[in-house]
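Coordinates in review
Okay, here's what each chain looks like letter by letter:
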Amino acid sequence: MDQFLEIANQFQLNSKAISAQNNYGDGHINDTFLLKTESGESYIMQKINTSVFKNAEALMDNVILVTDFLKKKIVKAGGDPLRETLSVVMTRDGKTLYRNGGDCWRVYTFIQGAVTLQTCENEEQFYASACAFGHFQKLLADFPADTLYESIPNFHNTKSRYLDFEDAVRKDVCGRAASVEKEIAFVRARKDFAATLVDMQERGELPLRVTHNDTKLNNVLFDEKTRLPLAVVDLDTVMPGLSVNDFGDSIRFGATYAAEDEPDLSKVNFELPLFECYTKGFLGECGSLMTENEKKMLPIGAMMMTFECGMRFLTDYLNGDTYFRIHREGHNLDRCRTQFKLVSDMEKSRAQMDEIVRNCK
Ligand code: ADP
Ligand code: GN1
Ligand code: MG
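Residues numbered from 1 in each chain as written. Chains lettered and ligands numbered in written order. Predicted model: local features only at pLDDT ≥ 70, side-chain atom pairs only at ≥ 80, totals over all residues. Heavy atoms only, no water.

Here we take up empty space enclosed by the protein. Tallied over the entire structure, the rule returns 1 cavity of 30 Å³ or more. When its volume is computed, the largest cavity comes out at roughly 40 Å³. Contributing to the lining of the largest cavity are Arg252, Phe253, Thr256, Ala258, Ala259, Glu260, Val268, Thr338, Gln339 and Leu342. Taken together, the elements giving at least two residues each to the lining of the largest cavity come down to helix 7 (243-254) and helix 11 (331-348). For the lining of the largest cavity, the element with the highest residue contribution is helix 11, accounting for 3 residues. Considered class by class, the residues forming the lining of the largest cavity number 5 nonpolar, 3 polar and 2 charged. (1 Å grid on protein atoms, 1.4 Å probe; cavity = no way out; pocket = protein on both sides within 12 Å on 5 of 7 lines; lining within 4 Å. Points joined across faces, edges and corners; volume = space filled by probe spheres on them. Helix = DSSP H or I, 4+ residues; strand = E, 2+ residues; numbered from the N terminus. Nonpolar A, V, L, I, M, F, W, Y, C, P; charged D, E, K, R; others polar.)

Turning to the layout of surface pockets, a few remarks are in order. Roughly 900 Å³ of volume is contained in the largest pocket. Looking at the largest pocket, it is lined by 46 residues, and the ones nearest its centre are Gly27, Asn218, Asn219, Val233 and Asp234. Listing elements by their share of the lining of the largest pocket, those giving two or more residues are strand 3 (42-47), strand 6 (103-109), strand 7 (114-115), helix 7 and helix 10 (298-318). Take the lining of the largest pocket: its biggest share by element is 5 residues, from helix 10. Classifying every residue of the lining of the largest pocket by side-chain character gives 21 nonpolar, 14 polar and 11 charged.

Let us look at the site of ligand 2. Ligand 2 sits among 17 residues. The nearest are His28, Asp214, Lys216, Glu260 and Tyr323. Taking Asp234, its side chain carries an N or O atom lying 3.0 Å from an oxygen atom of ligand 2. Between ligand 2 and Arg312, the relevant distance is 2.8 Å, taken from an oxygen atom to a side-chain nitrogen or oxygen of the residue. Cavity membership is defined here by more than half of the atoms lying within 2 Å of grid points; on that basis ligand 2 lies in the largest pocket. When residues in the shell around ligand 2 are grouped by element, the largest group, 3 residues, is from helix 10. (Near = heavy atom within 4 Å. Polar contact = N/O pair within 3.5 Å; in protein donor to acceptor, adjacent residues only side chain to side chain. Sits in = over half its atoms within 2 Å of the grid points.)

Now for the coordination of the magnesium ion (ligand 3). A four-donor tetrahedral metal ideally has 109.5 degree angles, and a six-donor octahedral metal ideally has angles of 90 or 180 degrees. Protein coordination at the magnesium ion (ligand 3): the donors are Asn219 (OD1) and Asp234 (OD), at 2.2 Å from the metal. With Asn219 in the loop between strand 8 (209-211) and strand 9 (220-223) and Asp234 in the loop between strand 10 (229-232) and strand 11 (239-241), this residue pair connects regions lying 15 residues apart in the sequence. With a relative accessible area of 26%, Asp234 lands in the partly exposed category. (Donors = N, O, S within 2.8 Å, 3.2 Å for Na, K, Ca; no water. Buried < 20%, exposed > 50% of the residue type's maximum accessible area, 1.4 Å probe, protein only.)

What follows deals with the sheet that holds strand 7. As summarised here, the arrangement of the 3 strands in space is 7-9-10, forming an open sheet in which the pairing is antiparallel. Each end of this open sheet is capped by a strand with a single partner; those strands are strand 7 and strand 10. Most of the contacts of helix 3 (residues 123-139) go to strand 9, to which it runs at about 120°, and overall it touches strand 9 and strand 10. (Pairing = 2+ DSSP bridges. Contact = heavy atoms within 4.5 Å. Axes fitted to C-alpha atoms, helices over the stretch in contact; angles between N-to-C directions.)

Turning to the side chain of Asp236, a few remarks are in order. Among the secondary structure elements, Asp236 is positioned in the loop between strand 10 and strand 11. Asp236 gets classed as buried once you look at its relative accessible area, which sits at 2%. The residues touching Asp236, leaving out its near neighbours within four places in the chain, are Asn30, Phe53, Leu59, Val63, Arg106, Tyr108 and Ser151.

Here the focus is the site of ligand 1. Ligand 1 sits among 17 residues. The nearest are Gln46, Ile111, Thr116, Asn218 and Asp234. The backbone of Ile111 places a nitrogen or oxygen atom 2.8 Å from a nitrogen atom of ligand 1. Thr116 is positioned such that a nitrogen or oxygen atom in its side chain is 2.8 Å from an oxygen atom of ligand 1. Because more than half of its atoms lie within 2 Å of the grid, ligand 1 is assigned to the largest pocket. Every element with two or more residues in the shell around ligand 1 is listed here: strand 3 and strand 6. Across the shell around ligand 1, the residue classes tally to 7 nonpolar, 9 polar and 1 charged.

A few words now on the packing of helix 4 (residues 158-171) against helix 5 (residues 181-188). Here helix 4 crosses helix 5 at 150°, and the two axes come no closer than 11 Å. Here helix 4 lies roughly antiparallel to helix 5, going by the angle between them. Here helix 4 and helix 5 pass one another in a crossing that is left-handed. Residues Tyr162, Phe165, Glu166 and Val169 of helix 4 pack against Ile184, Val187 and Arg188 of helix 5. Tallied by class, the residues present in the contact of helix 4 with helix 5 amount to 5 nonpolar, no polar and 2 charged. (Parallel < 35°, antiparallel > 145°, perpendicular 65-115°, else oblique. Left-handed = near helix turned anticlockwise from the far one by under 90°.)

Let us now look at the side chain of Gln137. Mapped onto the elements of the fold, Gln137 is located in helix 3. Using a relative accessible area of 5% as the deciding quantity, one classes Gln137 as buried. Side-chain polar atoms of Gln137 contact the side chain of Ser243, separated by 2.9 Å. Excluding residues within four positions of it along the chain, Gln137 makes contact with Arg209, Val210, Thr211, Ser243, Phe282 and Cys286.

No statement about biological role is implied by the geometric values presented.
Put into structure tokens, the structure is as follows:
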């Protein structure tokens, strides 16, 4: 504890940090702490996972560029720049990060009076999250993409994710491949599908935009009282990407009432009404910026992100759980299975998904 307080006090807090609560939130990559100070303020302190984010300084430059840009737009629209996006707290010597041995730390001011959801509770909230991510996309439509560092190269390149998966099967470092033959076959049967969006982007049929790239429901803060969306957080992967993938990653996580790691697959069902209200909210905010191709490919974006994420969980399971934080034996396999169940459901609902998108345009 003392060690964490010592780190916290390297930052320009309003007063001395007196407690640091670990495991705040439910992220799989960084370590999040809730700080409290002598004068009663709260802050979010994070240990950045530097094996995932290779250049944390460049990553923080991105966060500053994006949040400065957003703050100007928020002020123009009459909003509150301290609650509607993240605010970085600098170290005492004016840096965005504090390095301590091999570890790398940052601090954000705590956005008060907000809640996050770990699973979707109802259609209204999912609709609200769609408006938040759609609005985020709209606000960043004129952000200069070439000023951004690519924090994780090939992040949503599903083709290269497929090659990583085959590599993990071939190496089978933990001897787990034999026990997941069914899941391996599921991925292999969709090898051509994996290339669909990457190929379209390479052919110029889908534009690169500045996207969030990690549009999980728990990366939106909702106002505790009004339940309206307040801020989009977790800006580590804001970089050029596909709009359909931002749409799709939200559907993957939120268009079901089950948790991402639900072990009982009978509870994991893709919910078309949730898909419909997300589509309405997202297109309502940024549909006018999107091309016809982008809109047409929204259902594929949903299937792609769900498939990709399941494949990443399986790859990590085969590699010995070195990327995503796990809390129990077989956790990544459980996560993989929920994703593949959702992909199967979506494949069966494809015609209805297309119809919903057509009706929302
Ligand atoms: P990870 O990269 O591990 O997902 P996040 O940046 O998403 O970490 O933070 C984890 C959780 O902490 C979020 O889901 C949200 O609930 C909460 N959180 C993050 N930043 C803030 C903030 N500035 N104010 C209030 N809560 C925050
Ligand atoms: C990770 O950091 P977090 O938990 O918001 C991952 C996403 C996955 C997600 C699956 C940098 O997101 O890509 O979709 O887990 N982030 C990174 O829940 O790999
Ligand atoms: Mg997060």
